[in-house]
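# Topology and contacts: notes
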Amino acid sequence: AQTVTQSQPEMSVQEAETVTLSCTYDTSESDYYLFWYKQPPSRQMILVIRQEAYKQQNATENRFSVNFQKAAKSFSLKISDSQLGDAAMYFCASRTEYGNKLVFGAGTILRVKS
Amino acid sequence: NAGVTQTPKFQVLKTGQSMTLQCAQDMNHEYMSWYRQDPGMGLRLIHYSVGAGITDQGEVPNGYNVSRSTTEDFPLRLLSAAPSQTSVYFCASSYSMNRDRVRGYTFGSGTRLTVV
């Protein structure tokens, strides 16, 4: 079974600073895909970044990057130069190669202080 | 615009009433899913479908029915609404893993359902 755990219910960061959101996962499959989704107050689900498990290189999308530790089953999201528009709920999710399901963690609320 | 369309956006039901949440996608995605979002619990899978005529249960299927007669549509039926079904519901769709492994799911804008 797939499980995804986000142990930080809330995080705060000062504008322009860097913050890291934690995520751990568990799966019995050898190939899988990991995602971070952003959910602003509008409720829209926005894909922030994705990582293919067979790729050792950490994914990067502008100010967003991940630290993927496959052996530790850890997939953290780093947001650099935080902006007020980054304030949102962030969900970590996993999908297995043969899976039809996207499994989510409980989410982390990120607050950005000006 | 291509995407996932959910209706309605808001709904209030009385206990015991039934209703159908509509979901349609125009991207020819094989996979479609329904999730519910509750505070502190993330998004939990209710039902999913890997193609027309094929559905399966997710993590929290009780009290909900689905069917998939076409590739485009995947309605979610609440048979007899209960206050415990008060939640935000999301429909999502994606290509099969054979067609696109990494794009993830596209989500609808959600339905806020309140059962009183």
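I will try to describe carefully the structure that is included in this document. Everything quoted here is computed from the prediction, not taken from an experiment.

### Examining the overall build of chain B
The helix and strand inventory of chain B stands at zero helices and 11 strands. Listed by position from the N terminus, the elements making up chain B come as β-β-β-β-β-β-β-β-β-β-β. Relative to its length of 116 residues, chain B is compact, with a C-alpha radius of gyration of 14 Å against a globular reference of 13 Å. Reported as C-alpha extents along the three principal axes, the dimensions of chain B are approximately 40 × 30 × 30 Å. Working note: accessible area of chain B is about 5300 Å², and carbon and sulfur atoms make up 48% of it. Averaged over its 10 positive side-chain charges, chain B has a centre that lies 6 Å from the centre of its 8 negative ones.

### What about the state of the cysteines?
All names here are of chain B. A complete count under the given rule lists two disulfides over all chains for this structure. Paired through a disulfide, Cys23 and Cys91 show a sulfur-sulfur distance of 1.8 Å. Across the disulfide from Cys23 to Cys91, rotation about the S-S bond amounts to roughly -70°, and the bridge is consequently left-handed. Remark: Cys91 occurs in strand E9 (residues 87–94) and Cys23 occurs in strand E3 (residues 19–25); sequence separation between them is 68 residues. For the pair shown, Cys23 and Cys91 are each scored as buried.

### Some remarks on the nonpolar core
One recurring pattern in soluble globular proteins: nonpolar side chains tend to sit buried together. All names here are of chain A. With 25 residues, the main nonpolar core has Trp36, Phe75, Leu77, Tyr90 and Leu110 as its most contacted residues. Looking at this core, the elements with two or more residues in it are strand E3 (19–21), strand E5 (32–39), strand E6 (46–52), strand E8 (64–69), strand E9 (74–79), strand E10 (88–96) and strand E12 (108–113). In contact with Leu110, other than residues within four places in its own chain, are Met11, Val13, Val19, Leu21, Ile79, Asp86, Ala87, Ala88 and Tyr90.

The rules behind the values
Residues numbered from 1 in each chain as written. Chains lettered and ligands numbered in written order. Predicted model: local features only at pLDDT ≥ 70, side-chain atom pairs only at ≥ 80, totals over all residues. Heavy atoms only, no water. Helix = DSSP H or I, 4+ residues; strand = E, 2+ residues; numbered from the N terminus. Rg over C-alpha atoms; globule rule 2.2 N^0.38 Å. Areas by Shrake-Rupley, 256 points an atom, 1.4 Å probe, with all protein chains shown as cover. Lys, Arg positive; Asp, Glu negative; His and termini not counted. Charge placed at Lys NZ, Arg CZ, Asp CG, Glu CD. Disulfide = S-S within 2.5 Å. Buried < 20%, exposed > 50% of the residue type's maximum accessible area, 1.4 Å probe, protein only. Core = buried A, V, L, I, M, F, W, Y, C linked by side-chain atoms within 4.5 Å. Contact = heavy atoms within 4.5 Å.

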